[in-house]
Every structure is written in C-alpha cells, then in structure tokens.
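Observations on the three-dimensional arrangement
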Amino acid sequence: MVAGLSGCSIQLPSFVGREGDGEDTFKLGGTPVPDPVPIDVASARVEPALNGYIILVEGIAPTAGYNTALLMRPDSLPDAPQSDGPPPETIDFQLLAVPPIGPAPPEPAAARVLRAGYFLPEDHVRRIRTIRLRGATSVQTLPLER
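This text gives an overview of the structure that appears in the document. (Residues numbered from 1 in each chain as written. Predicted model: local features only at pLDDT ≥ 70, side-chain atom pairs only at ≥ 80, totals over all residues. Heavy atoms only, no water.)

Section: the pairing of strand 5 (residues 52-60)
- In the sheet, strand 4 (residues 40-49) pairs with strand 5 via nine bridges, with the strands oriented antiparallel. Along strand 5, the bridge assignment pairs P48 with Y53.
- Between strand 4 and strand 5, which pair antiparallel one after the other, the connecting turn spans two residues, and N51 there sits at a positive phi close to 60 degrees.
- Note: strand 5 against strand 8 (residues 113-121), nine bridges, orientation antiparallel. Bridge pairing in strand 8 places G59 opposite L114. (Pairing = 2+ DSSP bridges. Helix = DSSP H or I, 4+ residues; strand = E, 2+ residues; numbered from the N terminus.)

The following block contains the structure:
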C-alpha cells in the first residue's frame with residue numbers, strides 16, 4: 001500500500017498556521033512571538049502550601065496586549081551569571097510578560113493586570129528568609145514566614 005501511495009502527489013490546502021503551496025514542502029506561518037520583558041509588580045504575597053510555599057504576584061502591563069506572565073529565577077534567565085557559593089538567605093525572582101506583536105489599543109490599568117505564581121518546595125527553601133521580586137522599575141521584598 002505504501003508503494004502505491006509513494007507516486008501520488010496532492011496539494012496541501014492552507015490550514016492552522018501552515019501554508020500549502022502544492023510543492024513537496026510546506027512552511028510554518030505566523031509571526032514569531034517576542035521574548036518576555038520585565039513588567040512592574042503591583043502586589044505580591046507568599047502563602048503556605050502542602051510541602052512548600054506559593055508566591056502569587058500581580059503585575060500591570062504597560063499597554064494592552066501583553067500576555068503570559070512568568071515568575072523567573074534570575075539564574076534561569078539566558079544572560080544570568082552563575083554562582084557556585086552556598087544558597088543566599090534571599091531568593092530572587094523577576095516578573096516577565098510577553099509583549100504584543102503590534103501596536104495595542106489603550107486600556108485602563110484594571111484591564112492590563114497579569115497574574116503569575118511559583119511553587120517553592122519546602123526542601124529547596126530551608127535557608128531562605130526573604131523573597132525579592134524584581135519588576136521593570138521596582139523591587140519588593142517579602143518575608144518567608146514559617
């Protein structure tokens with residue numbers, strides 16, 4: 001059956017992000033997604049959870065169209081310096097969001113709120129006493145209460 005189909009050629013129609021051109025190849029369509037950028041932290045809190053803690057952060061995007069808020073450890077960012085020393089008493093995070101691809105219409109701040117969370121396992125935070133959250137222009141420090 002495979003030998004019978006090997007000589008066939010069919011045109012591929014356009015569908016879900018792919019453009020068929022009737023050739024033996026097709027290409028992925030769409031615009032590449034921009035890299036995440038820092039946004040300001042509006043509010044943050046740490047809540048106890050089963051076997052750890054949850055960091056909950058709200059940020060305000062500068063314009064409409066931002067999406068996918070992330071809390072990232074600076075040492076997991078591509079240009080972060082690596083340290084070999086013992087873990088510090090403060091753990092750092094940065095609030096990032098993916099900007100819009102094109103221009104975005106103006107919206108009130110309430111419509112530009114993005115939320116992100118991060119789970120810290122209890123065994124990873126034995127020496128940690130504070131959590132520092134960095135935004136685009138601000139820094140907040142939260143105590144890690146036990």
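So much for the structure itself; the text now carries on.
What about the packing of aromatic side chains?
- Counted according to the given criterion, the structure contains one aromatic pair.
- Above the ring of F93, the side-chain terminus of R73 is found at 5.8 Å from the ring centroid. (Phe/Tyr/Trp six-rings, centres within 6.5 Å; stacked < 30°, edge-to-face > 60°. Lys NZ or Arg CZ within 6 Å of the ring centre and 35° of its normal.)

Quick notes on the nonpolar core
- In this structure, I55, L71, F93, L95, I131 and L133 are the most contacted members of the largest nonpolar core, which totals 22 residues.
- When residues of this core are traced back to their parent elements, those giving at least two are strand 5, strand 6 (67-72), strand 7 (90-98), strand 8 and strand 9 (130-134).
- If one sorts the elements of this core by residue count, strand 7 sits on top with four residues.
- Not counting chain neighbours up to four residues away, the residues in contact with L133 comprise V41, A44, I55, V57, L71, F93, S138, V139, Q140 and L142. (Core = buried A, V, L, I, M, F, W, Y, C linked by side-chain atoms within 4.5 Å. Buried < 20%, exposed > 50% of the residue type's maximum accessible area, 1.4 Å probe, protein only. Contact = heavy atoms within 4.5 Å.)

Topic: the sheet that holds strand 4
- Taken in spatial order, the three strands make up an open sheet running 4-5-8, and their pairing is antiparallel. Each end of this open sheet is capped by a strand with a single partner; those strands are strand 4 and strand 8. For this sheet, the mean inter-axis angle between neighbouring strands, taken without regard to orientation, is 15 degrees. (Axes fitted to C-alpha atoms, helices over the stretch in contact; angles between N-to-C directions.)

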